[in-house]
Structure formats: structure tokens, C-alpha cells
Amino acid sequence: MADSIVDARSISKTYYIGEVPVAALREVSIEIKPREFVAIMGPSGSGKSTFMNLIGCLDRPDQGSILLDGEEIAALDRNARADIRNRKIGFVFQSFNLLPRTPVLENVELPMLYAGLPTHERRSRALDALNQVGLATKVHNQSTQLSGGEQQRVAIARSLVNEPVLILADEPTGNLDTRTSVEIMAIFQRLNRERRISVVLVTHESDIAAYATREVRFRDGRIVSDRPNAAPASADEALARMPAALAPPEVAG
Amino acid sequence: MINFSATSRIALRALRTHKLRSLLTMLGIIIGVGAVIAMLAIGQGASKSVQSQISALGSNALTLFPSFGTTGGVRLGAGTAARQLTMDDAFAIRNECPDVLGVAPVVQRGSQAVYGNQNWATEITGTTPDYIVVRNWALSDGRYFTDEEATGGNKVCVLGQTVVDNLFAGEDPLGATIRIANIPFQVVGVLARRGQSFGGRDQDDEIDVPIIAAMRALSGRTPFIRIMASAVSDKRLDAAQTEITQLMQRRHQIPDGQDPDFQVRNMADLASAAQASSKVFTLLLASIASVSLLVGGIGIMNIMLVSVTERTREIGIRMAVGAKGSDVLMQFLVEAVVISLLGGIIGILFGMGASKLIGIFAKWPISFMPSSIVLAFVFSALVGIFFGFYPARRASRLEPIEALRYE
């Protein structure tokens, strides 16, 4: 493993809305070390989504370089980027983004399908990942039959199966109620602590950001603050304090 | 690269999700392939029946006609040559041409046949026993007349099935006496049923009698003799034709380079002409049918384009977790091919069923060739690939970020 998981140097990205250029990122530099849990905050249009797309290999910067796990990804072509996403990154989205009308197990197997793993290995690794997120009993359900919290757990299981170096979570709790949000954060914290996976998480809510070990704020395409969180909150403890019976019903996305 | 069985499973699931839509899309291919199969079966059936009739007629058969005569520059038509063909010509051919198997002089004339209170207008054929050899015909009952009877002018006859049907309603004709042009003839045999010739003539509507008896009985203008001959095999047909031509030139003392007063016609020429025309017929039917296959293909393209747009988000998800453009291309291409192949298989069955029904109700001969079924199968796969490619390529070129954002 390289010294840093992400080492972005003065990356810029400009979008065009019609003819009008919109500078989404202006010479942003940031380094993310292994096992960091970074919360990215900032208002809409601050460039945080663009930043996630760039380090997630979904898009290319106009300028600058990005080392992901020691590999330069700024200039890769489509196929090479697909390969990096497949092997090194796990995505978790606000709207879960599971395949509809497809069993949970197959959703989790999806990244391994594109990695070309044989059937039996896909199956055992998917079951293992579902076990880790506490969904071992629902492997044969259709993804759309699950609650929001359960769907997000499936998405997390899917993000884990190819043993990524980095999980990118884009407002993963945005569609969930408070208790479920904390449950999801507990899973991220456990993965970060026990499996030593780096997590970068975009959120609007500062009480979600409080679970991270570092907080980065974006505004107008630049990083305006970057500070470590010496004493991150523990999601497990927060859950213990919440009476389960009084938890409001989950809102499915 | 994702493996093929997984891709097929994804494609099948996608098709199952939209059952009605998949079925309607398939319907275009089913009708297209079905039409091609049915048209080929009808065309091949027609071509086969032409072929079998020609070979029943004897593709190794030759017919020798007297040529036309000329009076002051006016051509007078077949049979008007100064010199007619004679029975001796026939015997000479039989004796002197080694590649000739059978030779039968034939006179034919229409006449009325009467039995009891029934009568029937038919074709009287005066000939020798070689006639059924040359024409490759069999007897269903009794015997044919002998060489002695043929040259002796005995009043015996052999009936075609149509004549039997019309004169002897259910009665046994053997041994009965019928009257042809008021002359009594004893029935000694019945010819096997032959059906229509490819010219549409009822081949069973004739009575065979000894040639001498025919020439005596059929008063008025004596019909000219033609000579039917068969070669020992299809391959020796040309040799037989040459031998006959040379022999006849000698017998009729035709100098080299001058037009002979006879003509030799060859069944093989006729057969190949008939064959070629039925091939064109088949091709025409099939090409009309394949237009509907083309329309079916366009239907696939249309639905695949809709499907790609509808599933933009799914494509985005797949790309985010590592699907390459080629994986997505493959997925949609396989989907299109699965539709067209399933449609093709159902279409083949549908086409076979439809042509069987047509065969039963329209009484047309139907024939399936394995090659046309393989062709239809391959063709429907190609339709899927061809019309699925554009939508699949469009899917594979989507940008993952935009695809993920698509609502």
C-alpha cells in the first residue's frame, strides 16, 4: 500500500453549461492517508461532488494530477478508469443505486462479475460481505423489497466485495432517518477500524461528520478548511443510547 | 471482461422483466422467419414435385419427331416431313444403338372409349411394350401387351387409372371388352396411378393399345409416328442421342451439313429449364418474405433504443462498479440476439406449422430442407447483431456520471 491513498495536486475542473464555463474545482490539493475517515462538507455547488467524481475515477480533471493508491489516474482512458473503479474503489450513493428487480446477492456480486471472478468465489465473497453488514438472511430478496437502511447496507456490501482501498460515500445517510443513519455510520466506522479501509464521505450534516476523523470543507471550488477530528463520536455508543422501540420508522428512498 | 453465461443471464432477466414488450418485439422476428421458412418450404416443395415428375417421365428419355416439311418456302409444322418415321426406324435404333435401353414407336390420337353405358374421351396410345420402360411406368394390375401382340395388331388394351375411374365405376376392368372407335378391345392390364404432369395434364387419362391395332383403328389421317427412347443411364444420354442422330442420318440419307428431316428432343434440357424456373420462383418468394424479417429487425432496434434510454441509470450503476464499455455493449447485444434467436426458433416452428397447414388446405407439395432451417436460424442471429449493434453502442458510450444522475 502506498503512503497515501489519495494524493491530489492542484486539480481543476470546469464544466460548461451551454457556452458558460463554470469552475467546479480550482486548483485543489489534498492528501488522504491510509485508514483516514474523511468527512467532506460544503454547500451545494461548492465542488465536493466534482471532487468525489475525480478521485472516484468517474471523471477526469482538466489539470493537475491524482495519485490513487500510488497510481496516476488523471489521464487514464475510459477502460482503464473502469478497471480502477472496479479494483480500488467502493461507491455508496445517497439513492443506494441498486439494480431494481434483481436479488440482493446478485447486486452484491456485480463488481466481481466485471472483475471476472468465477461463480463460486463471487457467491462466497458476496455472502461474506452481506454477513458483515448484517443482511445474511435477506440474500434472496429483491433489492426493491428492502427498507432504505437495508438497501444502503446492500450497497455497502457491494462496495466491499472487491476489497477496495477506498470507499467513497456520497451523502449515504441523506435518505435515511436518524437511527438508520447512525447504524450506517457504525458500519463505516467498523470497516474503517477493523478492515482498515479509508472512507471519504460527503455529508451536509455536522452530526454525521462528527463520526469522521477528519473534516474538509469546500466552498466555491476550493478547500476552505481541513482539520483533524481528534475525538470522533462512536456510532456504536450513540446507538446504545437510542431506545430502539422509540426509533421513528425508516423512510425508504 | 465479463463471461458469456453471466451476460446471457442478465439479458434473459431483462427480457423477463418486460415480458409483453419482449414478446411483441419477438413477434416481428417470428413472423419474418416464419414467412421465410414457409415460402422456402412451398418453393422447394414445388421444385421437388417438378423434379420428381420429370424424373418419373425419365430424365434419360429422348423423343424423336419427324421434322417439318417445306412446300415452296412454307414450313408445314411438325410431322409434315417428306419422310416420316417408321416402325423400322424404331427397330433399327433398338438393334444398333448400344447406349439405348428401350425404344417405343408411338402414335397418339384422341378417341372415344365406350364400356356398357359409359363413355369417355381419352388419348389412345399405340405403342410397343418398351413404352412403359421408356416412360418408367408400372402396372397396377394385369399385364402389358407383348411384342407379338404389338406387331400382330391384337385388339388388347391397357387402361390408365382415369379411364378406369370413368368407365368402370368400382367394377374390375380386367378381361372386360371396351370399344374404341367402335372396335372391341379386351382389357389386359391397368397402369399405376401417375397424377398430373408438371404441364398440368392428367397422365392417367390414356389407353395403351398395340401400335398396329391403333393405326388400323384410328381411321382418318394416320397420325405420325414418334419414337420414344431411353438411354441406359442419365450419363449416357448424350451418347445415346448422338448414336440415334447418326443412325437416322444414315437411314434417311441426309448429307453432312444439311438439316435432317427429324428432331431429337431430350428430357434433360426440359428438366433443367423447369428446375431453373422453380429456383427463381423460390428465391422470389423468400426475398418477399425476408422483407418482413427486415421489418422485425427494425422493431428490435426500436425497442432496444427505448430500453437503453430507460435503463440509463442501470448502465451508470454497472459502469460505476467497473463495467467497461465493451461489457455494456456485449450485454445489450446479447439481449438483442437472444430476442432475435428466440424469435427465430419460434418462427421456424411457426413457419413449419404454417406451411404444413398450407400444404393440407391448398394441397400444395411442401418440402423442408435442413439447410433452409439453419439459414433462417443464422439469419435471425445476424438480424439481432445488426439491429442490436447501434443501440448497444449507444449504451456503451454513456458517461457514467451522467448515467448515474439520470432520473
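A few points on the structure. The model shown is predicted, which means the values in this text are computed figures rather than measured ones.

**Observations concerning the overall build of chain A**
Secondary structure summary: chain A contains eight helices and 10 strands in total. Along the first, second and third principal axes, the C-alpha set of chain A runs to 50 × 45 × 40 Å. Taken across its 253 residues, chain A has 47% of its residues classed as buried.

**Quick look at unusual backbone geometry**
Glycine aside, the phi torsion of most residues is negative, and most peptide linkages are trans. Residue and element names in this part refer to chain A. In this structure, E27 takes a positive phi of about 45° despite not being glycine. Secondary-structure assignment places E27 in strand β2 (residues 20-32). Despite not being glycine, D220 has its phi angle at roughly 50°, a positive value. Mapped onto the fold, D220 is located in the loop between β9 (214-219) and β10 (222-228).

**Focus: the sheet that holds strand β1 (residues 6-17) of chain A**
All names here are of chain A. Read from one edge to the other, the open sheet built from four strands follows the order β2-β1-β4-β5, with strand pairing classed as antiparallel. Since the sheet does not close on itself, it has two edges, and those belong to β2 and β5 (71-72), each with one partner. Of the pairings in the sheet, the one linking strand β4 (residues 63-68) to β5 comprises two bridges and is antiparallel in character. Within β5, the position partnered with L68 by the bridge is E71. Helix α1 (residues 48-55) rests against β1, β2 and β4 of the sheet, and its axis sits at about 120° to β1.

**Here's the deal with the nonpolar core**
If you look at the biggest cluster of nonpolar residues, it comprises 126 residues, and the most contacted ones within it are I40(A), A157(A), L201(A) and V36(B). Here this core takes 14 residues from helix α2 (residues 19-57) of chain B, the largest share from any one element. Ranked by size, the runner-up nonpolar core spans 55 residues in total, among them V100(B), V134(B), F145(B) and L218(B).

**Focus: helix α11 (residues 325-362) of chain B**
Taking 1.5 Å per residue, 38 residues should reach 56 Å; α11(B) reaches 53 Å between its end C-alpha atoms and fits that length. At the exit of α11(B) stands K363(B), carrying a positive phi of roughly 55°.

**Comments concerning the pairing of strand β7 (residues 156-159) of chain B**
All names here are of chain B. Residues of β7 alternate between two faces, with V156 and V158 on one and C157 and L159 on the opposite face, all of them buried. Sheet analysis places β7 next to strand β10 (residues 206-210), joined by two bridges and oriented antiparallel. Across the sheet, V158 pairs through a bridge with D208, a residue of β10.

**Considering the interface of chain A and chain B**
Listed as interface residues are 20 residues of chain A and, on the opposing side, 19 residues of chain B. Secondary-structure elements contributing two or more residues to the side of chain A that touches chain B are α2 (78-88) and α3 (104-115) of chain A. When residues in the side of chain A that touches chain B are grouped by element, the largest group, six residues, is from α2(A). A per-class count over the side of chain A that touches chain B returns nine nonpolar, five polar and six charged.

**Quick notes on the environment of F368(B)**
Residues and elements named next belong to chain B. Topologically, F368 is positioned in the loop between α11 and α12 (370-396). Residues F368 and M352, 16 residues apart in the sequence, show an inter-C-alpha distance of 7.9 Å. Those residues within four positions of F368 in sequence are excluded, and the remaining contacts are A41, M352 and I373.

**Here's the deal with the environment of R393(B)**
Note on placement: R393(B) falls in helix α12. A C-alpha to C-alpha distance of 18 Å links R393(B) and L404(B), two positions 11 residues apart in sequence.

Cut-off values and rules
Residues numbered from 1 in each chain as written. Chains lettered and ligands numbered in written order. Predicted model: local features only at pLDDT ≥ 70, side-chain atom pairs only at ≥ 80, totals over all residues. Helix = DSSP H or I, 4+ residues; strand = E, 2+ residues; numbered from the N terminus. Buried ≥ 20, exposed ≤ 12 C-beta atoms within 10 Å, placed from the backbone. Pairing = 2+ DSSP bridges. Contact = placed C-beta atoms within 7 Å. Axes fitted to C-alpha atoms, helices over the stretch in contact; angles between N-to-C directions. Core = buried A, V, L, I, M, F, W, Y, C linked by C-beta atoms within 7 Å. Expected span 1.5 Å × (residues − 1). Nonpolar A, V, L, I, M, F, W, Y, C, P; charged D, E, K, R; others polar.

Any link to function would need more than the numbers given here.
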